[in-house]
Amino acid sequence: MRGRGLREWHRVRARVRREWRNTPREQQRTWQLVAVSAATGLVVAVVSVLVAGPWDGGQRTAERARATEDGVPGERHGGPGRPAPSAPPVLAALGAQPAPRSSDSGGDAVPPPTGAGLADTLEPLLKDSALGGERSVAVMDVTTGQQVFGAKAGTAIVPASTIKLATGAAALSALGPDHRIRTSVVAGAGRHDIVLVGGGDPTLTARAVKGNDHPAALRQLADATARALKKRGAGPYRLGYDTSLYSGPKLHPIGPNENLSPVVPLMADEGRKDDSDHGPAPRAEDPAADAAGAFGAMLRDRGVEVKGEPRTREAAKGARTVASVRSQPLSSLVERMLTTSDNDIAEALSRQTALAAGEPASFEGGAKAVTQRLRKLKLPLGGARIADGSGLDRADHVSAGLLAQVLVRAADRDHPELRPLLTGLPVAGFTGTLRTRYAQDAVGRGVVRAKTGTLTGVNSLAGSVVDADGRLLVFAYLTNGTTDATGAQRALDRMASALANCGCR
């Protein structure tokens with residue numbers, strides 16, 4: 001029996017390989033986006049380490065259980081860590097064949113879902129009282145780019161953190177996926193003056209780094225700066241730090257909060273005062289001063305005499321660069337932002353988009369620039385209002401139709417720069433903010449990839465899924481007025497799983 005089973009496995013594998021070779025190259029690329037979930041799941045099963053794209057391993061067991069308690073806004077990602085799940089649920093999608101475009105094959109090899117079929121599946125689930133009184137729902141077929149189901153899809157309501165999809169789309173469109181944010185040390189006014197200039201990289205780290213693919217490191221900047229200063233001669237040097245790149249209020253309208261540091265262009269490790277790298281954490285009141293102080297200490301450790309404490313000082317235009325480091329590419333920052341719902345990165349990317357558009361790097365300027373960029377992408381902005389990059393502001397209003405269209409654009413061959421919006425989505429039951437959601441035997445486990453959104457009274461989910469026929473769909477489910485966050489999350493997860501389990505013709 002064991003031998004026959006093994007032969008059958010090899011036979012099925014050979015058939016899948018033949019079908020893959022016969023699939024048009026462009027559709028293979030689209031399908032690879034879905035296969036990422038399966039590959040991730042297999043690695044999880046083998047090495048018991050959760051990974052989410054090139055950056056993050058999902059939430060750690062020791063992370064705080066919740067980011068929203070008693071009206072404090074933020075994501076709820078709680079629950080204890082679970083053992084790594086087995087591979088079969090994740091590998092389920094591999095046997096399905098992606099649907100070719102009619103222009104590639106003269107017709108659809110995989111039948112599309114119908115509006116009536118999706119309505120039969122989703123409308124009963126939408127009656128769940130846990131979903132609150134306001135809802136906006138859209139499901140779109142990636143192959144055709146058409147909406148196949150909607151329920152007030154064009155109604156703009158509070159999206160919470162799913163708005164990060166729009167923030168990421170705007171930044172990627174404006175700057176490109178290879179853009180890197182620079183942090184520099186430049187010469188000051190006097191011979192022994194140097195200025196640490198913040199470029200807006202919240203992932204700059206004061207911690208030790210390993211390998212080549214790591215965030216910009218303050219220690220490496222100190223190494224390069226110390227070498228350059230020793231060539232110039234003895235100190236003592238005066239260290240200043242420049243935060244003039246950003247304007248407007250530093251504090252988000254929600255006020256001091258463990259979900260977001262004061263928004264400044266110079267910070268180390270997102271201003272966290274513990275050893276965490278994502279999720280809620282105690283934050284520094286003045287992240288720029290702390291980063292400059294840490295940098296000064298690093299210079300002293302490297303034999304550079306630094307006089308006094310760092311002071312704020314604006315660098316002269318065209319000042320000579322002493323040393324610099326660059327962030328990971330924007331594609332990695334977007335993936336990290338989506339996987340763990342990183343508010344600091346989201347607000348930084350909003351401001352980077354503003355700078356690219358010539359707008360002030362502020363909450364207001366970022367919101368304006370993001371909106372303008374979404375309009376250039378020809379996305380439906382009816383009723384939309386963008387107030388911040390992170391979704392922590394309840395003034396944000398977007399429709400499910402807008403977020404679903406963002407995901408369709410990300411899968412479009414004409415917009416390869418937007419692909420990180422798909423590859424950065426958490427994988428159901430495996431990574432990021434979906435790691436502790438979806439039960440072991442849930443249909444959507446390992447197949448659903450989606451960005452979560454949670455504020456008090458607001459629950460949302462937007463992402464991609466492969467249906468039972470192998471059709472790649474994207475969806476956006478937004479709900480307002482919820483009173484049971486756990487119940488709302490379960491209802492949203494059931495709706496996403498229903499798509500995975502549905503041919504819906």
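Residues numbered from 1 in each chain as written. Predicted model: local features only at pLDDT ≥ 70, side-chain atom pairs only at ≥ 80, totals over all residues. Heavy atoms only, no water.

You'll find the protein chain entered in an unreviewed UniProt entry as D-alanyl-D-alanine carboxypeptidase, with Streptomyces violaceusniger given as the organism.

Turning to the environment of Ala 226, a few remarks are in order. Here Ala 226 lies in helix 7 (residues 218-232). Among the residues examined, Ala 226 registers a relative accessible area of 3% and is labelled buried. Ala 226 has contacts with Leu 299, Arg 302 and Val 304, leaving out every residue within four places of it along the chain. (Helix = DSSP H or I, 4+ residues; strand = E, 2+ residues; numbered from the N terminus. Buried < 20%, exposed > 50% of the residue type's maximum accessible area, 1.4 Å probe, protein only. Contact = heavy atoms within 4.5 Å.)

As a further point, take the nonpolar core. Within soluble globular proteins, side chains that are nonpolar generally end up buried alongside one another. Ranked by size, the top nonpolar core spans 77 residues in total, and within it Val 139, Leu 421, Phe 475, Tyr 477 and Leu 499 carry the most contacts. Here this core takes 9 residues from helix 12 (residues 400-411), the largest share from any one element. Contact partners of Leu 421, with chain neighbours within four places excluded, come to Leu 165, Gly 168, Ala 169, Leu 172, Val 334, Leu 338, Val 406, Leu 407 and Ala 410. The next biggest cluster of nonpolar side chains, apart from the first, holds 29 residues, and it includes Leu 221, Ala 268, Ala 288 and Ala 291. (Core = buried A, V, L, I, M, F, W, Y, C linked by side-chain atoms within 4.5 Å.)

With that out of the way, let us pick up the packing of helix 6 (residues 164-175) against helix 9 (residues 330-340). Look at helix 6 against helix 9: their axes get within 10 Å of each other, and the N-to-C directions meet at 180°. On the basis of the axis angle, helix 6 is roughly antiparallel to helix 9. Residue-level inspection shows Lys 164, Leu 165, Gly 168, Ala 171, Leu 172 and Leu 175 of helix 6 in contact with helix 9, the latter providing Leu 330, Ser 331, Val 334, Met 337 and Leu 338. For the contact of helix 6 with helix 9, the per-class residue count stands at 8 nonpolar, 2 polar and 1 charged. (Axes fitted to C-alpha atoms, helices over the stretch in contact; angles between N-to-C directions. Parallel < 35°, antiparallel > 145°, perpendicular 65-115°, else oblique. Nonpolar A, V, L, I, M, F, W, Y, C, P; charged D, E, K, R; others polar.)

Quick reminder: α-helices carry 3.6 residues per turn. Residues three or four places apart thus point the same way. Burial runs high along helix 9: 11 of the 11 residues are buried. Those residues of helix 9 that are buried are in contact with helix 6, helix 10 (343-357), helix 13 (420-423) and strand 10 (449-455). Of the residues flanking the end of helix 9, it is Ser 341, one or two places downstream, whose phi is positive at about 55°.

Below, the discussion takes up the state of the cysteines. A covalent bond between the sulfur atoms of two cysteines is referred to as a disulfide. According to the stated counting rule, one finds 1 disulfide in the structure shown. The disulfide bridge from Cys 502 ends at Cys 504, spanning 1.0 Å between sulfur atoms. Judged by the torsion about the S-S bond (125°), the Cys 502/Cys 504 disulfide is right-handed. For Cys 502, a relative accessible area of 7% gives the class buried. (Disulfide = S-S within 2.5 Å.)

A separate point is the sheet that holds strand 5 (residues 193-197). Read across the sheet, 5 strands follow the order 7-6-5-4-8 without closing on themselves; strand pairing throughout is mixed. Strand pairing shows two members of the sheet lacking a second neighbour, strand 7 (306-312) and strand 8 (321-326), which therefore form its edges. Each strand of the sheet is rotated relative to its neighbour by a mean of 15°, with strand direction disregarded. This element, helix 7, spans strand 4 (182-187), strand 5, strand 6 (237-242) and strand 8 of the sheet and lies at about 165° to strand 8. (Pairing = 2+ DSSP bridges.)

This part takes up helix 14 (residues 485-500). Between its first and last C-alpha atoms helix 14 spans 23 Å; for 16 residues at 1.5 Å apiece the expected length is 22 Å, and the two agree. Summarising burial for helix 14: 13 of the 16 residues are buried, a large majority. By the N-cap criterion, in which a side-chain oxygen at the helix start approaches the backbone nitrogen of a residue two or three places on, helix 14 is capped by Asp 484, the distance to Thr 486 being 3.3 Å. (Expected span 1.5 Å × (residues − 1). Polar contact = N/O pair within 3.5 Å; in protein donor to acceptor, adjacent residues only side chain to side chain.)

Burial of strand 4 is extensive: 5 of the 6 residues sit out of reach of the surface. Taken together, the 5 bridges between strand 4 and strand 8 define a ladder with antiparallel strand orientation. Following the sheet pairing, Thr 183 is matched in strand 8 by Val 325. Examined bridge by bridge, strand 4 and strand 5 share 4 bridges and lie antiparallel to one another. Bridge pairing in strand 5 links Ser 184 to Val 197. Connecting strand 4 to the antiparallel partner strand 5 that follows it, the hairpin turn spans 5 residues.

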